Amino acid sequence: MSKNDLVAVLYFDDTQVVGRVAKVSYGQNITPITTVRKDYSGIMDGQFNDRNDFTTTVNAVVAEMVQGLNRVPQTLYIGVANQFCQVQTQTSELVFDHMTKINRQHLQKLWENTQFDTTNMEIIHKQALYYKLEEYEEVLIDVLGTATIGVTMVSSATTVNQEFRYLFDLNAIQRAGFLNYQFVSVAACELFMIPEKVRDAGCTLVRCDFFSTSVANVLGDGLMQLAHFNLGSGYLVSEIMDYFNFDYETAIKLLAQCTPTFEVLVEEKYTANGIQIPASIFNKLVMDRLNEFAKRLSNFENARVIYLSGGNFDQIYGARNVFANVCDRTMYECADVLTGEVAYPENTLNAIVRYVLR
């Protein structure tokens, strides 16, 4: 793919499907040409609430995102939500009878020696995580051109269940003008929003969707582990609606006002859509749920440095500090590599576009 070309990507999370066609110029500058967002019945507990509705929504987004284009890209890249991906790791090695400088054929042989489990699975992403040479204890990110008598490669593969492909209608995609579609891992794309030095040292990428959270351990340019749990800001919104008998819009507006990490006066209130609620009562409920989320997150094997993506707790003032304190970790928000902005799903779309151009 040339550097000054159109790229088409589609991305979905727990509540929406987003399609974009963008023009990418030198320097990875991205100019959106068309962007289409549509809500659908969503994902709960790792399952689509209505698979047919999801497929119908995807087809509608795909058809609309190419309207008015003079030329449609050949491939539609589909970012697969993390809860539908699995990560495997494998170790392979080569031993030489004399000092040998490692070339690309040797690296290819290491890949041929890997045996990832593809039973009912298809691999959508592979990456060498690190190498070890016979003569040294430390791990290396790259060994091309290095002389050794033996090399070990630790690699990972991201897979999706083969049945997942049935959710996507190739005929509808081709009617829109695409020749084919290709899956990419959202986690594999978003990890490149993390600075390279941090990735090379090892870190954790936590994506907070509306009803689910994924925890990915990152090393270099690859994923070492990927886990999930069914908890997100959507559960907090639902509890606010049930506990206070509020509608969705009111609950969201109150969340945007609340400051759970601050002491508030007894008489202070939050107001939304003509409804008032004592700030102290509202803050306590929110703080309790943030702590609950952080404790669930702390049960996972996390690196000392965590990056957050997904944006679903961004509307709650101080949420990231609560997570960092409970987990005893340093936490940052993923930002666009060029603009430094933190905006979702914009950053996710840009991350997918840049990934497919790598």
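Predicted, not measured: the structure shown is a model, and the values here were computed from it.

A look at the pairing of strand E15 (residues 275-278)
Turning to step 1, where the next piece is worked out: As defined by bridge partners, strand E14 (residues 269-272) adjoins E15 across four bridges and the pair is classed as antiparallel. Of the residues in E15, the one forming a bridge with Thr271 is Gln276.
Turning to step 2, where the next piece is worked out: Connecting the antiparallel pair E14 and E15 is a turn made up of two residues, with Asn273 showing a positive phi of about 50°.

Describing the layout of surface pockets
Turning to step 1, where the next piece is worked out: In this structure, the largest pocket spans a volume of roughly 340 Å³.
Turning to step 2, where the next piece is worked out: Lining the largest pocket are 17 residues, and of these Phe210, Gly310, Gly311, Asn312 and Tyr344 lie nearest its centre.
Turning to step 3, where the next piece is worked out: Of the residues contributing to the lining of the largest pocket, the split by class is six nonpolar, seven polar and four charged.
Turning to step 4, where the next piece is worked out: Its volume calculated, the second largest pocket comes out at about 300 Å³.
Turning to step 5, where the next piece is worked out: Counting residues per element, the ones that place at least two in the lining of the second largest pocket are helix H2 (104-112), strand E8 (121-133) and helix H5 (196-201).

Concerning the sheet that holds strand E10 (residues 180-185)
Turning to step 1, where the next piece is worked out: Taken in spatial order, the five strands make up an open sheet running E3-E2-E1-E6-E10, and their pairing is mixed. Both edges of this open sheet fall to strand E3 (29-39) and E10, since each of them pairs with a single strand only. Across the sheet, the axes of successive neighbouring strands diverge by a mean angle of 25°, strand direction being ignored.
Turning to step 2, where the next piece is worked out: Contacting strand E1 (5-12), strand E2 (16-25), E3, strand E6 (75-80) and E10, helix H10 (residues 346-356) crosses the sheet at an angle of about 130° to E1.

Here's the deal with the nonpolar core
Turning to step 1, where the next piece is worked out: Core analysis: the biggest nonpolar cluster contains 66 residues, and Phe12, Phe48, Phe54, Leu76, Phe164, Phe168 and Phe183 have the highest contact counts within it.
Turning to step 2, where the next piece is worked out: Contact partners of Phe164, with chain neighbours within four places excluded, come to Phe12, Phe48, Val80, Phe84 and Phe183.
Turning to step 3, where the next piece is worked out: Counting 38 residues, the second-largest nonpolar core is a separate cluster that includes Phe229, Phe244, Leu255 and Tyr270.

Let's talk about the side chain of Asn347
Turning to step 1, where the next piece is worked out: Tracing the backbone shows Asn347 in helix H10.
Turning to step 2, where the next piece is worked out: Discounting chain neighbours no more than four positions away, the residues touching Asn347 are Met193, Cys334, Ala335, Asp336, Glu341 and Val342.

A word on the pairing of strand E17 (residues 330-333)
Turning to step 1, where the next piece is worked out: Of the pairings in the sheet, the one linking strand E16 (residues 305-309) to E17 comprises four bridges and is parallel in character. Note that in E17 the partner of Tyr307 across the bridge is Tyr332.
Turning to step 2, where the next piece is worked out: Handedness of the crossover joining E16 and E17 through helix H9 (residues 319-327): right-handed.

Focus: the packing of aromatic side chains
Turning to step 1, where the next piece is worked out: Within the structure shown, the criterion is met by 30 aromatic pairs.
Turning to step 2, where the next piece is worked out: Judged by centre distance (6.3 Å) and plane angle (45°), the rings of Phe12 and Phe84 are tilted. On the criterion of sequence distance, the pair formed by Phe12 in strand E1 and Phe84 in the loop between E6 and strand E7 (85-101) is long-range, its members being 72 residues apart.
Turning to step 3, where the next piece is worked out: On the accessibility criterion, Phe12 (1% relative accessible area) is buried.
Turning to step 4, where the next piece is worked out: In textbook terms, an aromatic cluster arises when at least three aromatic residues are bridged by ring pairs, as seen for Phe12, Tyr40, Phe48, Phe54, Phe84, Phe164, Phe168, Tyr181 and Phe183.

Let's talk about the environment of Val305
Turning to step 1, where the next piece is worked out: In this structure, Val305 sits in strand E16.
Turning to step 2, where the next piece is worked out: The exposure class of Val305 is partly exposed, given its relative accessible area of 24%.
Turning to step 3, where the next piece is worked out: In this structure Val305 touches Val198, Cys203, Thr204, Thr330 and Tyr332, once residues within four positions along its chain are discounted.

Observations concerning the state of the cysteines
By definition, a disulfide links the sulfur atoms of two cysteines through a covalent bond.
Turning to step 1, where the next piece is worked out: Taken as a whole and assessed by the stated rule, the structure comprises zero disulfides.
Turning to step 2, where the next piece is worked out: Cysteine Cys208 is unpaired, with the sulfur of Cys334 as its nearest cysteine sulfur at 10 Å.
Turning to step 3, where the next piece is worked out: Summary of cysteine pairing: Cys334 is not part of a disulfide, and the nearest cysteine sulfur, belonging to Cys203, is at 8.5 Å.
Turning to step 4, where the next piece is worked out: With relative accessibility at 0%, the residue Cys334 sits in the buried group.

Calculation notes
- Residues numbered from 1 in each chain as written.
- Predicted model: local features only at pLDDT ≥ 70, side-chain atom pairs only at ≥ 80, totals over all residues.
- Heavy atoms only, no water.
- Pairing = 2+ DSSP bridges.
- Helix = DSSP H or I, 4+ residues; strand = E, 2+ residues; numbered from the N terminus.
- 1 Å grid on protein atoms, 1.4 Å probe; cavity = no way out; pocket = protein on both sides within 12 Å on 5 of 7 lines; lining within 4 Å.
- Points joined across faces, edges and corners; volume = space filled by probe spheres on them.
- Nonpolar A, V, L, I, M, F, W, Y, C, P; charged D, E, K, R; others polar.
- Axes fitted to C-alpha atoms, helices over the stretch in contact; angles between N-to-C directions.
- Contact = heavy atoms within 4.5 Å.
- Core = buried A, V, L, I, M, F, W, Y, C linked by side-chain atoms within 4.5 Å.
- Buried < 20%, exposed > 50% of the residue type's maximum accessible area, 1.4 Å probe, protein only.
- Right-handed = clockwise from strand over helix to strand, strands pointing away.
- Phe/Tyr/Trp six-rings, centres within 6.5 Å; stacked < 30°, edge-to-face > 60°.
- Disulfide = S-S within 2.5 Å.

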